[in-house]
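# Descriptive structure summary
Given next are the chains, with one letter for each unit.
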There are 2 protein chains.
Amino acid sequence: MITQKEIGEKLGLSPSTVASILGGSASLRYSKKTRELVVQTAKKCGYQPNRASRAVQRGRSNLLGIIHFGLALEIARKVAFELPQAINAAGYDYMVVDIQWHGGSIERVLNEMIQARVEGVIISNMMEAFGSEYIEILNRAGIPVVTVYGDDRLNIVAVSNDMRSAFCEMGLHLQKVGHQCLLLTIGESQARPVKERIDGLEKALGEPCPQLKEDEFFQGWADFRQQTHGSTVGIVVQLKTKSFSYDFAAANYAFSQRLFSTDILPDAIMCSNDQGAFGVFNAATERGLSIPRDLAVTGADDDEFGKYPMFGLTTIRSDVAQSCAAGVKLLKDRIQKKTSFRASKIFQSELVLRTSCGRSNPMGGEEVAAETRACGQDVIPF
Amino acid sequence: MITQKEIGEKLGLSPSTVASILGGSASLRYSKKTRELVVQTAKKCGYQPNRASRAVQRGRSNLLGIIHFGLALEIARKVAFELPQAINAAGYDYMVVDIQWHGGSIERVLNEMIQARVEGVIISNMMEAFGSEYIEILNRAGIPVVTVYGDDRLNIVAVSNDMRSAFCEMGLHLQKVGHQCLLLTIGESQARPVKERIDGLEKALGEPCPQLKEDEFFQGWADFRQQTHGSTVGIVVQLKTKSFSYDFAAANYAFSQRLFSTDILPDAIMCSNDQGAFGVFNAATERGLSIPRDLAVTGADDDEFGKYPMFGLTTIRSDVAQSCAAGVKLLKDRIQKKTSFRASKIFQSELVLRTSCGRSNPMGGEEVAAETRACGQDVIPF
DNA sequence: TTGAAAGCGGTACCAG
DNA sequence: CTGGTACCGCTTTCAA
């Protein structure tokens with residue numbers, strides 16, 4: 001790989017001349033002839049600036065770090081797709097790391113980022129495993145952090161969509177079409193996105209829901225169903241999920257198998273995301289149950305698969321590009337010290353009504369005709 | 001972020017002393033007291049080496065580049081998961097880029113890699129869009145290239161699994177259980193992994209198959225089916241897929257809808273991958289067809305979803321970790337000039353028999369009982 | 001056992 | 001218009 005110095009030697013020019021011309025900063029002061037000569041030679045020899053040298057000299061890397069927690073969820077892949085574009089648009093380059101790629105070692109991932117001297121970090125779908133001790137590591141290194149679709153309990157700047165309003169709307173709709181016993185499945189996380197889902201359901205029901213672990217739930221399920229028959233109720237069931245991976249499909253599949261084997265069905269199962277809903281669908285099919293005839297199922301995230309008539313999944317859609325762009329903007333502001341205070345951002349989502357929740361009008365022809373409804377409002381707290 | 005120089009100033013030591021101790025190379029020559037002092041101080045102050053400075057001085061980045069073409073396919077995500085681990089195990093760090101993240105601009109991605117001075121590049125699931133002009137760019141920059149599950153027509157070192165043997169085995173099995181008219185759907189790529197699938201099917205049939213574009217296929221389908229009734233035949237149908245994205249599910253869904261609307265069914269549809277098979281499943285369900293009662297469907301890649309009883313998808317399983325490790329090893333050898341010649345590697349795969357291909361014995365209890373059968377042999381050509 | 005010094009590939013400032 | 005020079009953070013060699 002050719003260097004500026006070598007180009008200078010080739011042309012009988014000093015390295016600083018070549019540097020000024022290729023660096024672009026003061027290139028206009030040089031004669032057109034020299035400029036063209038240098039630029040042409042550089043191109044001919046395939047010169048590309050050395051990012052590392054530039055970073056050393058400038059004292060800044062121009063890099064933002066992106067941290068993922070696995071890309072199994074389609075929503076995470078949407079973020080993975082949008083963030084780099086938003087970052088480039090903001091004039092930064094980026095480096096991507098997935099906690100899973102390092103066997104779950106968060107510390108190692110953070111050290112890589114610090115060694116690369118990233119100027120800021122964006123964490124996608126931040127899980128609880130990312131505790132305050134890790135935020136502290138980044139703080140000590142002077143690296144600001146923003147999370148997109150993550151937990152904001154650690155006093156981090158967070159961008160998210162208003163899942164509370166969305167799940168409330170969904171709960172209201174389920175009631176409207178006649179469902180009374182609503183079951184919400186969540187994972188082991190107690191992070192904000194999860195809390196919002198629960199809050200939303202409770203708001204729709206007008207009362208708090210019991211929140212049970214899987215085993216507790218099955219101990220009381222039969223009695224509960226009998227006693228509450230005829231009234232509108234909700235239960236939150238906390239499923240076991242592996243840490244560092246979102247195996248919602250498997251968790252909801254296993255839970256549904258067990259649930260269906262009791263032969264006592266709720267009216268609707270609301271899953272935290274579409275992956276979970278697919279797990280319910282699989283268990284239902286296996287058991288010979290039909291959705292939505294025997295029970296309704298809903299998800300969240302608007303995965304591609306849910307659009308197919310096999311599922312026709314009622315879900316919640318968020319504008320991922322919007323959130324990613326906002327996250328990058330907030331991070332850039334923090335890097336440039338434009339904001340010293342916490343300035344999270346919440347966007348509204350859309351309720352997408354398809355067939356799985358038992359709507360009256362059936363699906364259309366070639367494509368599933370989906371209604372959508374805006375949920376929540378764009379909010380800037382603090 | 002503290003530097004070695006600053007640690008030296010703090011302790012009244014010269015920067016080179018600090019450097020030698022923290023760099024590890026010659027640290028044993030220093031007194032135990034000095035060593036511990038430096039190491040403790042560094043830890044206390046959160047010192048982390050500056051990757052860029054180190055790269056500048058050493059003249060090498062210690063980085064390998066990973067290029068993806070989208071992570072929608074589960075097999076691509078498996079590669080994304082395994083490669084970093086294999087790379088770290090080989091003593092390198094890595095940078096990851098997805099062509100999709102840059103709106104499909106391969107050139108831009110390559111320039112990022114070159115500017116980061118990666119010492120080698122691994123391309124995952126390389127598509128045809130990655131033409132010889134791009135290989136040429138990397139060659140000129142002196143960067144060796146290896147592809148895992150990619151095309152090897154460009155004279156690149158390639159690691160792959162023996163899809164020819166696997167598809168042959170699958171074709172033979174389908175015949176064994178009574179299927180005669182076998183339809184193989186492929187995308188627009190003519191890359192080696194695709195060719196191998198076709199070759200495998202043709203080997204199983206003992207004769208070449210006609211290869212048709214979607215429209216051509218439907219022109220002759222009814223006649224063809226009638227004329228070949230009672231004999232074992234195969235057709236390859238080339239579906240339209242978007243470049244830079246593997247939307248196999250959508251392509252196979254659309255094709256199957258059209259196919260099923262003719263009311264003339266093949267005995268089996270073999271898809272290039274499981275995603276495609278899911279598309280067929282969706283179209284079949286929509287049409288009220290049952291798999292495998294009305295027709296058989298097979299895939300490849302062994303996606304998680306295919307294991308569920310909803311699909312019970314017969315598929316082909318490859319050891320991704322094995323291929324990734326081999327790819328990294330080949331790349332490392334090329335970087336260290338241990339191999340000047342082409343040395344690709346082919347591993348065997350496994351045929352996973354589930355219910356979708358219409359086997360006699362039905363699925364078991366909790367899990368789908370799958371038979372598996374080894375396909376092909378580990379081969380080192382050249 | 002320690003430190004001085006050269007150098008990696010750039011950037012940026014200033015003198016001529 | 002062009003070139004000299006200092007410097008960024010780190011590595012490595014060699015002399016003390």
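Quick caveat, the model's predicted, so the values are computed rather than measured.

Let's shift gears to the overall build of chain A. Scanning chain A for helices and strands turns up 13 helices and 14 strands. Dimensions along the principal axes, computed over C-alpha positions, put chain A at roughly 90 × 50 × 35 Å. Counting the 382 residues in chain A, one finds 56% classified as buried. Taking the intrachain contacts of chain A between residues at least 6 apart in sequence as the baseline, contacts between residues at least 24 apart amount to 74%. Accessible surface, chain A as shown: approximately 16000 Å² in total, 49% of it carbon and sulfur. Both charge centroids of chain A, one from 43 positive and one from 43 negative side chains, sit 12 Å from each other.

Turning next to the protein's contact with DNA strand D. Near DNA strand D there are 22 residues, and of these Thr17(A), Thr34(A), Gln4(B), Arg54(B) and Gln57(B) occur at the shortest range. Within 4 Å of the protein, the atoms of DNA strand D are drawn from sugar and phosphate moieties in a proportion of 58%. Taking Ser14(A), its main chain carries an N or O atom lying 3.3 Å from a phosphate oxygen of DNA strand D. Between Tyr47(B) and DNA strand D, the recorded distance is 3.1 Å, taken from a side-chain N or O atom to a phosphate oxygen. Within the residue set of the surface near DNA strand D, elements represented by two or more residues are α2 (15–23) and α4 (51–58) of chain A together with α2 (15–23) and α4 (51–58) of chain B. When residues of the surface near DNA strand D are assigned to their parent elements, the largest contribution, 4 residues, is made by α4(B).

With that settled, consider the protein's contact with DNA strand C. Around DNA strand C, 22 residues are found, and the nearest of them are Arg54(A), Gln57(A), Thr17(B), Thr34(B) and Gln57(B). In this structure, Thr34(B) approaches DNA strand C through a side-chain N or O atom, which is 2.7 Å from a phosphate oxygen. With respect to DNA strand C, the side chain of Gln57(B) contributes an N or O atom lying 2.3 Å from a base nitrogen. Here the surface near DNA strand C takes 4 residues from α4(A), the largest share from any one element. Classifying every residue of the surface near DNA strand C gives 6 nonpolar, 12 polar and 4 charged.

All names here are of chain A. Domain parsing of chain A yields domain 1 (4–49), domain 2 (60–161 + 321–347) and domain 3 (163–319 + 348–374). Averaged C-alpha coordinates put domain 2 and domain 3 at centres separated by 30 Å. Summing the contributions of domain 2 and of domain 3, the shared interface buries around 2100 Å²; its carbon and sulfur component is 50%. On the domain 2 side of the contact with domain 3, Leu-73, Glu-74 and Asn-161 bury the most area, a combined 28% of that side's loss. Our enumeration of links across domain 2 and domain 3 arrives at 0 salt bridges. When the residues that make up the side of domain 2 that touches domain 3 are grouped by side-chain class, the tally is 11 nonpolar, 8 polar and 6 charged.

Turning next to the pattern of salt bridges. Residues and elements named next belong to chain A. Under the definition given, this model contains 28 salt bridges over all chains. Arg-225 is paired through a salt bridge with Asp-267; the nearest N and O atoms lie 3.4 Å apart. Of the two residues, Arg-225 is situated in helix α10 (residues 214–227) and Asp-267 in the loop between α11 (248–260) and β9 (268–271); the sequence distance between them amounts to 42 residues. Taking the relative accessible area as the measure of exposure, Arg-225 reaches 14% and is therefore buried. In this structure, Glu-304 and Lys-307 form a salt bridge, with 3.0 Å as the shortest nitrogen-oxygen distance.

On to the environment of Asn282(B), then. Within the element layout of this structure, Asn282(B) appears in helix α12 (residues 274–287). Sequence-distant contacts of Asn282(B), that is, excluding residues within four places in its chain, are made with Phe305(A), Tyr308(A), Met310(A), Phe311(A) and Tyr253(B).

Time to look at the interface of chain B and chain A. The interface is formed by 49 residues belonging to chain B together with 49 residues belonging to chain A. Taking both partners together, chain B and chain A bury about 4400 Å²; carbon and sulfur atoms supply 58% of that area. Connecting chain B to chain A are 0 salt bridges. Viewed at the interface, chain A and chain B are joined by 21 residue pairs in polar contact (both at pLDDT 80 or more).

With that settled, consider the relation of the copies chain B and chain A. With an axial shift of 0.0 Å and an RMSD of 0.1 Å, the rotation relating chain B to chain A amounts to 180 degrees. Both copies are brought into coincidence by an operation consistent with a two-fold rotation axis. Identified as the residue of chain B closest to the rotation axis by C-alpha distance is Ala52(B), at 2.2 Å. Both copies present the same face, since 100% of the interface residues in chain B are matched by interface residues at the equivalent positions in chain A.

Next up on the list: the packing of aromatic side chains. Under the definition given, this model contains 29 aromatic pairs over all chains. Look at Trp101(A) and Tyr94(B): their rings are 6.1 Å apart centre to centre, the planes differ by 70 degrees, and that puts the pair in the edge-to-face class. Of the two residues, Trp101(A) sits in the loop between β2 (93–98) and α6 (106–115) while Tyr94(B) sits in strand β2 (residues 93–98), which places them in two different chains. Since its relative accessible area comes to 4%, Trp101(A) is described here as buried. Residue class for Tyr94(B) comes out buried when judged on its relative accessible area of 5%. Ring plane angle 55 degrees and centroid distance 4.7 Å describe the contact between Phe278(A) and Phe311(A), whose orientation is recorded as tilted. Separated by 33 residues along the polypeptide, Phe278(A) in helix α12 (residues 274–287) and Phe311(A) in the loop between β10 (296–298) and β11 (315–317) bring together distant segments of the chain. Residue classification places Phe278(A) among the buried residues on the basis of a relative accessible area of 1%. Through a chain of ring-to-ring contacts, the aromatic side chains of Tyr253(A), Phe278(A), Phe281(A), Phe305(A), Tyr308(A), Phe311(A), Tyr253(B), Phe278(B), Phe281(B), Phe305(B), Tyr308(B) and Phe311(B) assemble into a single cluster.

How each quantity is defined
Residues numbered from 1 in each chain as written. Chains lettered and ligands numbered in written order. Predicted model: local features only at pLDDT ≥ 70, side-chain atom pairs only at ≥ 80, totals over all residues. Heavy atoms only, no water. Helix = DSSP H or I, 4+ residues; strand = E, 2+ residues; numbered from the N terminus. Buried < 20%, exposed > 50% of the residue type's maximum accessible area, 1.4 Å probe, protein only. Contact = heavy atoms within 4.5 Å. Areas by Shrake-Rupley, 256 points an atom, 1.4 Å probe, with all protein chains shown as cover. Lys, Arg positive; Asp, Glu negative; His and termini not counted. Charge placed at Lys NZ, Arg CZ, Asp CG, Glu CD. Near = heavy atom within 4 Å. Polar contact = N/O pair within 3.5 Å; in protein donor to acceptor, adjacent residues only side chain to side chain. Nonpolar A, V, L, I, M, F, W, Y, C, P; charged D, E, K, R; others polar. Domains from an automatic or database assignment. Buried area = accessible area lost by both parts, 1.4 Å probe. Salt bridge = Lys/Arg side-chain N within 4 Å of Asp/Glu carboxyl O. Least-squares fit on C-alpha atoms with pLDDT ≥ 70 in both. Phe/Tyr/Trp six-rings, centres within 6.5 Å; stacked < 30°, edge-to-face > 60°.

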